[in-house]
Amino acid sequence: MKISTRALAYISILTGTASTAAAEKCLSGSFILEYEGDCDRETLVEVFNDQVFSGAKSSACDGVTAEEELDAQLAAAVPSTTIEEFCANIYKNQPEVSFTDILKKDDNMAYEEAFFLGHSSLQEEVETTYEREDRRATSVLKEDGELVRAHYQGSAQTKKTEWPKLPNFASSGTDSNGEPTCTTNAAMCCWTKDRQAADNNGNCNRNTYSRNCVDKDPGDNTNLCFVDMERGAAATGNSGEGLVAFPDDDEGAIHCHGLAWANDVNDASVRYKGNNLFFVSMYDHMYKRGYVENVPGAPMCGW
């Protein structure tokens, strides 16, 4: 992670004003820490020692470590803070892109909800040459999914992507910031169809796109044992009960990919779990491989 210039300026202002009730510090004046990397105690103490403490300490700092001085500097600030609180505040206020800003359909998540259920035009359309008199192809995934590529190469490289607030990913669990999260700290997507040829994935065939790429299979990496219709209904909205079993590999070709994250809300896997979900569901598997659509009775992606 890059510590932004705004965050660096905040460090300077923060430590420039002392509190009379604060812990004793041996260095006076303000300072700026400039670096790229994680914001945690070990890293900040190392940077503080290299950029400030080792070159500025005097006899007043005899017997004082860089960690003790940094703690004292932050405690003396107004408002008083700690390394952990400071880093948590930086991470919490990182720029975040709304999930609806990726496809730019609307602000109510209706299209995104359909997408994660395994529906929407991106899921259901297949490239064809039958719709135009000049036989030029329509429903070309690389064209229809251009905004997915743009987000991946643009905002997703430097900003957090919002975790979508949808029934697929809803549970009774919340993280320490009060945000809804999956109780298992994991999510998974499963696809049943390949809509794109010539990408070395699945068996969609470009030579006969309109005939042989309508209902083709993704690369099979999963054995589906059963679908819990009642549990699936919580996300899909479709009524159902009981189990649908698939013995002896009767389900056909299915491709699944999961993602997981840590318990610590400041861990990179938590802060960027929205980016990971976007990468797995929209960019890597749909845009690059053409994998789409859900297992009947279950959402395409969920926890």
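The preceding data block contains the structure.
Remember, predicted model here, so these are calculated numbers, not experimental data.

In this structure, what is going on with the pattern of salt bridges? I would like to understand it.
Opposite charge on two side chains allows them to pair when their charged atoms are near. The tally for this structure, following the rule as stated, stands at nine salt bridges. The residue Asp71 makes a salt bridge to Arg41 at a minimum N-O spacing of 3.2 Å. Residue Asp71 is located in helix H3 (residues 66-75), and its partner Arg41 is located in helix H2 (residues 41-56); the two are separated by 30 residues in the primary sequence. With a relative accessible area of 28%, Asp71 lands in the partly exposed category. Here Arg149 makes a salt bridge to Glu146, at a shortest N to O gap of 2.4 Å. Linking Arg149 with Glu146, this pair stays in helix H9 (residues 146-153), spanning three residues, or about one helical turn. Through salt bridges with shared partners, a single ionic network connects Arg41, Glu67, Asp71 and Glu84.

Got a minute to help me understand helix H6 (residues 110-117) in this structure?
Every α-helix winds through 3.6 residues per turn, so residues three or four apart in the chain are directed the same way. Within H6 the residues assigned to the buried category are Tyr111, Glu112, Phe115, Phe116 and Leu117. Of the residues trailing H6, Gly118 is marked for its positive phi of about 105°.

Just checking my understanding: could you explain the pairing of strand E3 (residues 186-191) for this structure?
It is a general feature of regular strands that their side chains alternate between the two faces of the sheet. Inspection of the sheet shows E3 paired to strand E7 (residues 255-260) by six bridges, in the antiparallel sense. Among the inter-strand pairings, Met188 is bridged to a residue of E7, identified as Gly258. Relative to strand E9 (residues 301-302), E3 runs antiparallel, the two being bridged by two bridges. Bridged to Met188 within E9 is Gly302.

Explain a negative patch on the surface to me, please; I cannot follow it from the model alone.
There is a patch of like negative charges on the surface, built from Asp215, Asp217, Asp220, Asp248, Asp249 and Asp250. Locating Asp215 in the fold gives a position in the loop between helix H10 (209-212) and strand E5 (226-228).

Help me understand the packing of aromatic side chains in this model?
For any two aromatic rings, the description comes down to two numbers: the centre-to-centre distance and the angle of the planes. What the rule picks out here adds up to eleven aromatic pairs. Plain terms: the ring middles of Tyr152 and Tyr283 are 3.8 Å apart, the flat faces sit at 15° to each other, and that makes the pair stacked. Remark: Tyr283 occurs in helix H13 (residues 273-287) and Tyr152 occurs in helix H9; sequence separation between them is 131 residues. Judged by its relative accessible area of 25%, Tyr152 falls in the partly exposed class. Residue classification places Tyr283 among the buried positions, given a relative accessible area of 9%.

What am I meant to see in the side chain of Ser139 here?
Here Ser139 shows up in the loop between helix H7 (121-124) and helix H8 (141-144). If near-sequence neighbours (up to four positions away) are discounted, Ser139 is found in contact with Glu125, Val126, Glu127, Asp144 and Arg195.

Explain the sheet that holds E7 here, please?
Within a beta sheet, neighbouring strands are joined by backbone hydrogen bonds and run either parallel or antiparallel to one another. Taken in spatial order, the three strands make up an open sheet running E7-E3-E9, and their pairing is antiparallel. Only two strands of the sheet have a single partner each, and these edge strands are E7 and E9. Those strands touched by H13 are E3, E7 and E9, and its axis lies near 165° from that of E7.

Honestly, the packing of H9 against H13 in this entry has me stumped. Any pointers?
In a pair of packed helices, the angle between the axes and the distance between the axes together describe the arrangement. Between H9 and H13, whose axes approach to 10 Å, the crossing angle comes to 125°. Compared by their axis directions, H9 and H13 come out oblique. For the pair H9 and H13, the sense of crossing is left-handed. On H13, the residues touching Glu146, Val148, Arg149, His151 and Tyr152 of H9 are Phe278, Phe279, Met282, Tyr283, Met286 and Tyr287.

Teacher, can you tell me more about the environment of Arg41 here?
A relative accessible area of 27% means that Arg41 is categorised as partly exposed. Through-space distance from the C-alpha of Arg41 to that of Asp71 is 9.8 Å; in sequence the pair is 30 residues apart.

Help me out: how do you make sense of the state of the cysteines in this one?
A covalent bond between the sulfur atoms of two cysteines is referred to as a disulfide. For the structure shown, the criterion picks out five disulfides. One disulfide in the model links Cys26 with Cys61; its S-S distance is 2.0 Å. Judged by the sign of its S-S torsion, about 100°, the bond between Cys26 and Cys61 is right-handed. On the criterion of sequence distance, the pair formed by Cys26 in the loop between helix H1 (5-16) and H2 and Cys61 in the loop between H2 and H3 is long-range, its members being 35 residues apart. The class for Cys26 is buried, based on a relative accessible area of 17%. One disulfide in the model links Cys189 with Cys301; its S-S distance is 2.0 Å. Handedness here is read from the sign of the S-S torsion; for Cys189 and Cys301, about 110°, the answer is right-handed.

The rules behind each value
- Residues numbered from 1 in each chain as written.
- Predicted model: local features only at pLDDT ≥ 70, side-chain atom pairs only at ≥ 80, totals over all residues.
- Heavy atoms only, no water.
- Salt bridge = Lys/Arg side-chain N within 4 Å of Asp/Glu carboxyl O.
- Helix = DSSP H or I, 4+ residues; strand = E, 2+ residues; numbered from the N terminus.
- Buried < 20%, exposed > 50% of the residue type's maximum accessible area, 1.4 Å probe, protein only.
- Pairing = 2+ DSSP bridges.
- Patch = residues over 30% accessible without salt bridge, like charges linked within 9 Å, V, L, I, M, F, W, Y side chains within 5 Å.
- Areas by Shrake-Rupley, 256 points an atom, 1.4 Å probe, with all protein chains shown as cover.
- Lys, Arg positive; Asp, Glu negative; His and termini not counted.
- Charge placed at Lys NZ, Arg CZ, Asp CG, Glu CD.
- Phe/Tyr/Trp six-rings, centres within 6.5 Å; stacked < 30°, edge-to-face > 60°.
- Contact = heavy atoms within 4.5 Å.
- Axes fitted to C-alpha atoms, helices over the stretch in contact; angles between N-to-C directions.
- Parallel < 35°, antiparallel > 145°, perpendicular 65-115°, else oblique.
- Left-handed = near helix turned anticlockwise from the far one by under 90°.
- Disulfide = S-S within 2.5 Å.

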